[in-house]
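Listed below are the residues making up each chain.
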Amino acid sequence: MSEPAVQIQSLTHLYGERKALDGISFGVAQGEIFGLLGPNGGGKTTLFRILSTLLRPTSGSGRIFGHDVVMEPAEVRRHLGVVFQQPSLDPKLTAIENVVQHGHLYGCWGRTARRRAHELLGRFDLADRTRDRVESLSGGLKRRVELAKALLPRPALLLLDEPSTGLDPGARRQFTHFLDTLRREEGTTILLTSHILDEAERCDRLGILDQGRLVALDAPDALKARVGGDVVVIRAHDPDGLRAAITQKLSVQPLLVDGSLRVECARGHEFAREVMETFPDAVTSVSFGKPTLEDVFISLTGRRLWDREDTRPP
Amino acid sequence: MTTLVLPVASLCWREVIRFCRQRSRLTGALLQPLVFWILLGAGFSASFHPPGTPDGMAYGQYFYPGIIAMVILFTAIFSTISVVDDRQHGFLQGVLVAPISRATIILGQALGGTTLALAQALLFLVLAPLAGISLTAASIVRVGVVAIVVAFGLVNLGLFIAWRLDSTQGFHAIMNLILLPMWFLSGALFPATKTPIIVEWIMRVNPLTYGVAAIRHSLYLGNPEAAGQVPPLSLSLVVILGFAVVSFIAATWMASRKELP
């Protein structure tokens, strides 16, 4: 069996008293697309900084293709392509200059580097913007230059921290498709963090990070299967009162999350009707559906992935 | 070759491109020494004859090598603001995860700043005849070589300090605190002769003193009297070379420290 691309063992990191990572262990196989789902502050970025050799973990170990991130940072960096959450472009250089210059750091230069940079920028629909300075590009376009830059040295492992932030849905679909192609054609292993559900759905396996802990790890479908058949969401003027009433009359325990009640049950439509009929005045709306990954997160942690409804991406 | 020369050349090239694309930096860097030379030169020449220099020497002439030193000092140190900029824009993070050593990164940055300082020093050298200093091909080459060594040391000093700074405001505050005294007490404005003992000692340990001296010697070689009472050329060269090496090691050490914010 080939060596895992990433192997993390009891990784812990403390910022002073605060535990950003609390004993995390998991492995990513070569050629796998592995996603980390979790709210901001869940530890994703800390984990990425450790894997990209920028931060030394408090304890535990991380290995990239068998090389320890603390002991052999140079070996590790040779295998890595990283896209951080914040941009890492030089705004004074043009798109093509940024990509080619990055190639120089990896020993890729001259005509080879330029050809590959043009090819990548073309793939991300930037063929007509290659000579524009990055400072004049919109956030979404910068993001694409960023991706092209990370891909230029053909990394064996791609670390992507919220890669599709700032991309519109069309570009995001295209990008997800591109990752599939990349894995198929070049065997690239991809470890990404995301809070966009359909992007997370497309991963082979997903780890759910919450408050520095890995609370679940499985294929997206398997994770969703853990939640009962349907998820019913009830909105009410007085959620607390309704919660008590439902508990008493219908003998289920709704979860109060972010001002609305949630119930997992096998037959959502029947339960929804029952609620409507029993409490016609208290309920403002009832909806039900198959569980999403966010429902998985809520059922594991009792909290939503995003704090407010309006920050939820489409 | 591709693991050292290529990344170094590339980072160096980026420094130069960045500088040229920021018009305000370009203008400031070109005009500032001119303004200093004309205003300070005009102000001091009426009331002040630097002790230890030949009688006929005008202040503007004494001051000229000091202005060359200032051009090198300011350009070299302020070029390192790109490290603060790069940290803010995230560019630095991309460089730090590349498979190149920290020494390579520092060397690239330092050579970029050195190139800028050298270019400006040579540009300003064109004005030497106005100061009554006649240039020869040899003296231009000598000043160029000294400028490279001095600038390399100063850029590394700048990198050493700037590496951990995270705001350009902080950068300006700290650098001005270091730059101005370093320049004032380098023999650029006045010689160490007849200064209070404490000032004389500061001037003696200030590496830039030896940079200014080396520039004076380079311009007046063959006429040592005109250089005034400054450290001898050989000592000056040893000190500026030593400073370049030590500051490069210090900057690399700073960049290699883990757990950066």
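Structure shown above.
These numbers were taken from a predicted model, which means no experiment stands behind them.

(A) Inspection of the overall build of chain A at higher detail. Looking only at helices and strands, one finds 11 helices and 14 strands in chain A. Counting only residues that meet the buried cut, chain A has 44% of its 314 residues in that class. At a minimum sequence separation of 6, the contacts of chain A that also span at least 24 residues come to 68%.

(B) Looking closely at the pairing of strand β11 (residues 230-236) of chain A. Residue and element names in this part refer to chain A. Most of β11 is tucked away, with five of its seven residues classed as buried. Here β11 pairs with strand β13 (residues 260-265) via five bridges, running antiparallel. Directly across from Val-232, in β13, lies its bridge partner Val-263. Relative to strand β14 (residues 283-289), β11 runs antiparallel, the two being bridged by six bridges. Within the sheet, the bridge partner assigned to Val-233 lies in β14 and is Ser-287.

(C) How the structure looks around the nonpolar core. With 150 residues, the main nonpolar core has Val-99 and Ala-148 of chain A together with Ile-68, Ile-72, Leu-73, Ala-121 and Ala-151 of chain B as its most contacted residues. Here the element with the most residues in this core is helix α3 (residues 59-79) of chain B; it accounts for 15 residues. Apart from residues lying up to four places away in sequence, Ala-121 of chain B is in contact with Ile-68, Val-71, Ile-72, Val-143 and Ala-147 of chain B. Among the nonpolar cores identified, the runner-up in size contains 13 residues, and Ile-234, Leu-242, Ile-246 and Val-275 of chain A belong to it.

(D) Spatial organisation of the interface of chain A and chain B. Listed as interface residues are 26 residues of chain A and, on the opposing side, 23 residues of chain B. For the side of chain A that touches chain B, the secondary-structure elements that each account for two or more residues are α2 (73-79), β6 (80-83) and α3 (95-105) of chain A. A total of four residues in the side of chain A that touches chain B trace back to one element, the largest contributor, which is α3 of chain A. Classifying every residue of the side of chain A that touches chain B by side-chain character gives 13 nonpolar, eight polar and five charged.

(E) A look at helix α8 (residues 168-184) of chain B. Residues and elements named next belong to chain B. The end-to-end C-alpha separation of α8 is 24 Å, in line with the 24 Å expected for 17 residues at 1.5 Å each. By the largest-angle criterion, Met-175 marks the main kink of α8, which is about 30°. Taken together, the buried positions of α8 are occupied by Phe-171, Met-175, Leu-179, Met-182 and Trp-183. Where α8 is buried, its residues touch α3, α4 (81-89), α7 (137-162) and α10 (207-220).

(F) Representation of the packing of α10 of chain B against helix α12 (residues 233-256) of chain B in the model. Residues and elements named next belong to chain B. Following both chains from N to C, one finds α10 and α12 inclined at 130°, their axes separated by 8 Å at the closest point. Taken together, the axes of α10 and α12 lie oblique to each other. Every pair of crossing elements has a handedness; the one defined by α10 and α12 is left-handed. Contacts between α10 and α12 involve Pro-207, Tyr-210, Gly-211, Ala-213, Ala-214 and His-217 from the former and Leu-233, Ser-236, Leu-237, Val-239, Ile-240 and Phe-243 from the latter. Here the residues of the contact of α10 with α12 sort into nine nonpolar, three polar and no charged.

(G) Local environment of the packing of α3 of chain A against helix α5 (residues 139-151) of chain A. Residues and elements named next belong to chain A. In the contact formed by α3 and α5, the axes pass within 8 Å of each other and the chain directions differ by 25°. The angle between α3 and α5 falls in the class roughly parallel. In this structure, α3 meets α5 at a crossing whose hand is right-handed. Along the contact surface, α3 presents Ala-95, Asn-98, Val-99 and His-102, while α5 presents Val-145, Ala-148 and Lys-149. For the contact of α3 with α5, the class distribution of residues is four nonpolar, two polar and one charged.

(H) Representation of the sheet that holds strand β1 (residues 6-15) of chain A within the structure. Residue and element names in this part refer to chain A. Read across the open sheet, the four strands follow the order β2-β1-β4-β5; overall the sheet is antiparallel. Each end of this open sheet is capped by a strand with a single partner; those strands are β2 (18-28) and β5 (67-68). Summarising the sheet, β1 and β2 pair through seven bridges and their orientation is antiparallel. Directly across from Gln-7, in β2, lies its bridge partner Gly-27.

(I) Quick look at the environment of Leu-158 of chain A. Residue and element names in this part refer to chain A. With respect to the helices and strands, the residue Leu-158 is situated in strand β7 (residues 157-161). Residue classification places Leu-158 among the buried residues on the basis of 26 C-beta atoms within 10 Å. Between the C-alpha atoms of Leu-158 and Ile-33, which are 125 residues apart in sequence, the distance is 9.5 Å. The contact partners of Leu-158, leaving out residues within four places of it in the chain, are Gly-81, Ala-150, Thr-188 and Ile-190.

(J) View of the sheet that holds strand β10 (residues 213-218) of chain A. Residue and element names in this part refer to chain A. Taken in spatial order, the six strands make up an open sheet running β6-β7-β8-β3-β9-β10, and their pairing is mixed. Of all the strands in the sheet, the pair left with one neighbour each is β6 and β10. Each strand axis lies, on average, 15° off the axis of its neighbour in the sheet, ignoring direction. Judged from the four bridges that link them, β6 and β7 form a sheet pairing that is parallel. By the bridge assignment, Val-82 is partnered in β7 with Leu-159. Packing against the sheet, α5 makes contact with β6 and β7, and its axis sits at approximately 170° to β6.

Rules used in this analysis
- Residues numbered from 1 in each chain as written.
- Chains lettered and ligands numbered in written order.
- Predicted model: local features only at pLDDT ≥ 70, side-chain atom pairs only at ≥ 80, totals over all residues.
- Helix = DSSP H or I, 4+ residues; strand = E, 2+ residues; numbered from the N terminus.
- Buried ≥ 20, exposed ≤ 12 C-beta atoms within 10 Å, placed from the backbone.
- Contact = placed C-beta atoms within 7 Å.
- Pairing = 2+ DSSP bridges.
- Core = buried A, V, L, I, M, F, W, Y, C linked by C-beta atoms within 7 Å.
- Nonpolar A, V, L, I, M, F, W, Y, C, P; charged D, E, K, R; others polar.
- Expected span 1.5 Å × (residues − 1).
- Bend = angle between axes of the 7 residues up to and from the residue.
- Axes fitted to C-alpha atoms, helices over the stretch in contact; angles between N-to-C directions.
- Parallel < 35°, antiparallel > 145°, perpendicular 65-115°, else oblique.
- Left-handed = near helix turned anticlockwise from the far one by under 90°.

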